[in-house]
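A look at the structure
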Amino acid sequence: MRVVPGWALVSAVVAPVLLIGGWTLGAARQPGGFDQVTGTISALAAVGATDRWIMTVALAGLGLCHCVTAAGLRPLAPAGRALLALGGVATLAVAVFPLPADGGGSVPHTLAAAVAFGALALWPALARAAGRRAPWVALAVGLLLPVAWFVAEMAVDGGRVGLAERVAAGAEAFAPLLVVTALRRTGRSGRTGRTGRTAPNK
């Protein structure tokens with residue numbers, strides 16, 4: 001059985017730390033405070049934001065972590081791993097194409113964010129490992145629900161758009177860690193069951 005390597009576990013752990021740490025520290029650096037219920041993550045990395053490099057680096061690091069984790073998820077189907085990596089690349093693009101200083105929109109930023117949210121929500125549905133498909137679909141549905149809430153808040157210009165985005169992005173950042181942890185536990189159990197003792201990690 002192919003086992004998820006330790007470096008993939010490290011990247012999966014670092015991903016949510018970067019995201020949550022980035023939006024927390026970035027918000028704290030904004031003069032006069034920053035309302036994270038109404039303000040988006042992208043606003044913290046927008047041109048003109050105070051210390052915008054904090055959220056920019058966090059987003060870039062998050063994207064890289066997803067790519068590294070995808071490379072290490074060896075027991076999963078290639079399509080799911082590719083979609084996770086695509087989400088990572090799109091997250092990097094979100095950092096590369098910030099929102100403008102005037103508070104307006106940006107087509108490259110919006111497209112990158114849409115691809116990132118979509119790919120990072122759907123990858124479990126295509127990443128089925130050995131066993132039942134239902135848990136993977138359930139995980140994808142669980143990720144799509146907060147994304148749908150975020151999209152709805154954006155569509156109606158709701159007052160909780162920042163909160164909805166953080167719930168969606170946070171869930172997507174933690175999902176690879178959940179999968180990596182489960183697969184490593186299963187891999188250890190499989191090796192123990194075959195040999196009667198745990199084989200050393202390679």
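These notes cover the structure that comes with them. (Residues numbered from 1 in each chain as written. Predicted model: local features only at pLDDT ≥ 70, side-chain atom pairs only at ≥ 80, totals over all residues. Heavy atoms only, no water.)

Observations regarding the layout of surface pockets
Here the largest pocket defines a volume of roughly 730 Å³. Lining of the largest pocket is provided by 35 residues; of these, Ser42, His109, Ala113, Phe150 and Glu165 occupy positions nearest its centre. Those elements that place two or more of their residues in the lining of the largest pocket are helix 2 (41-45), helix 3 (53-72), helix 4 (78-96), helix 5 (107-126), helix 6 (134-155) and helix 7 (161-195). Residue contributions to the lining of the largest pocket peak at seven residues, all from helix 5. Of the residues belonging to the lining of the largest pocket, the class tally is 22 nonpolar, 10 polar and three charged. (1 Å grid on protein atoms, 1.4 Å probe; cavity = no way out; pocket = protein on both sides within 12 Å on 5 of 7 lines; lining within 4 Å. Points joined across faces, edges and corners; volume = space filled by probe spheres on them. Helix = DSSP H or I, 4+ residues; strand = E, 2+ residues; numbered from the N terminus. Nonpolar A, V, L, I, M, F, W, Y, C, P; charged D, E, K, R; others polar.)

A few points about the nonpolar core
Of all hydrophobic cores here, the largest spans 46 residues; its most connected members are Leu19, Met55, Leu73, Leu76, Trp123 and Val179. Within the residue set of this core, elements represented by two or more residues are helix 1 (6-28), helix 2, helix 3, helix 4, helix 5, helix 6 and helix 7. A total of 10 residues in this core trace back to one element, the largest contributor, which is helix 7. Setting aside anything within four residues of it in sequence, one finds leucine 19 in contact with Ile41, Met55, Leu62, Ala169, Gly170 and Ala173. (Core = buried A, V, L, I, M, F, W, Y, C linked by side-chain atoms within 4.5 Å. Buried < 20%, exposed > 50% of the residue type's maximum accessible area, 1.4 Å probe, protein only. Contact = heavy atoms within 4.5 Å.)

What about the packing of helix 5 against helix 6?
At a closest axis distance of 6 Å, the pairing of helix 5 and helix 6 adopts a crossing angle of 160°. Of the possible angle classes, the one that applies to helix 5 and helix 6 is roughly antiparallel. Two packed elements cross with a definite hand, and for helix 5 against helix 6 that hand is left-handed. Every residue of helix 6 that contacts helix 5 at Phe117, Leu120, Ala121, Leu122, Pro124 and Ala125 is listed here: Trp136, Leu139, Ala140, Leu143, Leu144, Val147 and Phe150. Residues belonging to the contact of helix 5 with helix 6 are distributed by class as follows: 13 nonpolar, no polar and no charged. (Axes fitted to C-alpha atoms, helices over the stretch in contact; angles between N-to-C directions. Parallel < 35°, antiparallel > 145°, perpendicular 65-115°, else oblique. Left-handed = near helix turned anticlockwise from the far one by under 90°.)

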